[in-house]
Amino acid sequence: MGLLHCTKLRHTSPRKMAAPCRTVLRSVTNFTSAALFRSTKPRYSTRYLATTATETSKTEDAEADKSETPAEGEMSQADKKLTEEKAKLDKELKEYKDKYVRALAETENVRQRMKQQLADAKLYGIQSFCKDLLEVADVLQKATETVPAEEMKNNPTLKTLFEGLKMTETQMQKVFSRNGLEMLNPVGEKFDPNFHEALFMAPMEGKEPGTVAVVSKVGYTLHNRVVRPALVGVVKAP
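Residues numbered from 1 in each chain as written. Predicted model: local features only at pLDDT ≥ 70, side-chain atom pairs only at ≥ 80, totals over all residues. Heavy atoms only, no water.

With respect to the overall build of the protein chain
Then, number 1: Broken down by element type, the protein chain carries seven helices and six strands.
Then, number 2: Residues classed as buried in the protein chain amount to 16% of the 238 residues present.
Then, number 3: Of all intrachain contacts in the protein chain linking residues separated by at least 6 positions in sequence, the fraction that spans at least 24 positions is 62%.
Then, number 4: Per element, the accessible surface of the protein chain, about 19,100 Å² overall, is 59% carbon and sulfur. (Helix = DSSP H or I, 4+ residues; strand = E, 2+ residues; numbered from the N terminus. Buried < 20%, exposed > 50% of the residue type's maximum accessible area, 1.4 Å probe, protein only. Contact = heavy atoms within 4.5 Å. Areas by Shrake-Rupley, 256 points an atom, 1.4 Å probe, with all protein chains shown as cover.)

Description of the packing of aromatic side chains
Then, number 1: Counted by the stated rule, this structure contains one aromatic pair.
Then, number 2: Ring geometry for F176 and Y220: centres 5.9 Å apart, planes at 85°, overall edge-to-face. Of this pair, F176 sits in helix α7 (residues 156–178) while Y220 sits in strand β4 (residues 219–222), and the two are 44 residues apart along the sequence. There is no split in this pair, since F176 and Y220 are both buried.
Then, number 3: Above the ring of Y124, the side-chain terminus of R225 is found at 3.6 Å from the ring centroid. (Phe/Tyr/Trp six-rings, centres within 6.5 Å; stacked < 30°, edge-to-face > 60°. Lys NZ or Arg CZ within 6 Å of the ring centre and 35° of its normal.)

Points about the pattern of salt bridges
A side chain of one charge can pair with a side chain of the opposite charge when the charged atoms of the two come close.
Then, number 1: Applying the stated criterion across every chain yields a total of six salt bridges.
Then, number 2: Measuring nitrogen to oxygen at the nearest pair gives 2.7 Å for the salt bridge that ties R111 to E108. Of this pair, R111 and E108 both sit in helix α4 (residues 72–124), three residues apart, which is roughly one turn of that helix.
Then, number 3: Residue R111 is classed as partly exposed on the basis of its relative accessible area of 44%.
Then, number 4: Residue E169 pairs with K166 through a salt bridge whose shortest N-O separation is 3.9 Å. Within this pair, E169 and its partner K166 are both found in helix α7, separated by three residues, close to a single helical turn. (Salt bridge = Lys/Arg side-chain N within 4 Å of Asp/Glu carboxyl O.)

Section: the confidence of the model for the protein chain
Then, number 1: Taken as a whole, the protein chain shows an average pLDDT of 78; of its residues, 68% reach a score of 70 or greater.
Then, number 2: Long-range and interchain partners of residues 1–12, a stretch whose pLDDT sits below 50, account for nine contacts in this model, where long-range means more than four residues apart. (pLDDT = per-residue confidence, 0-100.)

Section: the sheet that holds strand β3 (residues 212–217)
Then, number 1: A sheet is described by the order of its strands in space; here three strands give the open sequence β2-β6-β3, paired in mixed fashion. Two strands close off the open sheet at either side, each with one partner strand: β2 (196–202) and β3. The average undirected angle you get between the axes of adjacent strands in this sheet is 30°.
Then, number 2: Here β2 runs beside strand β6 (residues 230–235); their pairing, made up of six bridges, is parallel. Paired with H196 across the strands is A230, a residue of β6. (Pairing = 2+ DSSP bridges. Axes fitted to C-alpha atoms, helices over the stretch in contact; angles between N-to-C directions.)

Section: the nonpolar core
Then, number 1: Grouped together as the largest cluster of nonpolar side chains are twelve residues: Y124, C130, L134, A137, L140, M172, F176, L181, V218, Y220, L222 and V227.
Then, number 2: Going through the elements one at a time, α5 (127–145), α7 and β4 are the ones with two or more residues in this core.
Then, number 3: When neighbours within four sequence positions are excluded, C130 is seen to be in contact with L181 and L222.
Then, number 4: Of all hydrophobic cores here, the second largest spans five residues; its members include L184, A230, V232 and V234. (Core = buried A, V, L, I, M, F, W, Y, C linked by side-chain atoms within 4.5 Å.)

This is the structure we're talking about:
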């Protein structure tokens, strides 16, 4: 019909003929494009395309994992090496810890020994000096013991000298006491070998065996440490 219409209008003017012809050509072009689209459209369903895409993705992921995962033998070898390294480090750590604890203990022992030595030095640093002074104290004691009481009554000068010696001896014993030096005069006490030195043993009536009967020379202790033992005579059983 379009072609017939175009034929009837062929004797008309060119401008009037152009519009109907363009309409006919457009219709023919649209029909041809639709036919070509239907003939080239793929005949696959949506479900089939989705399944295919999923399987393809799984295959690619499996290949990637296989390429990234090391072999089982290589993994075991690496684990074994790491285990050996860990055991070695643990052993070294244990050894260093033991050495550290021992060093701390030794340092603490040295510190305690030095502390004790310093304390002993403060207490007993004058021990040798005290031993020298003990000889002077012994001389003063002997001097006061040898002065007869009857002579002092008749001799005022001797009495004054005796009183001066006695005061000197008393003052020296006070100085000894202030510095921790104490006299040992164990008459009548039980014999103690830690503080006494027996010069002889003899039976004596009225006295218990094993006790000190005579003190030949008094002893001294410096802060409970024996500087000089007392020289004594001990009673023995008859």
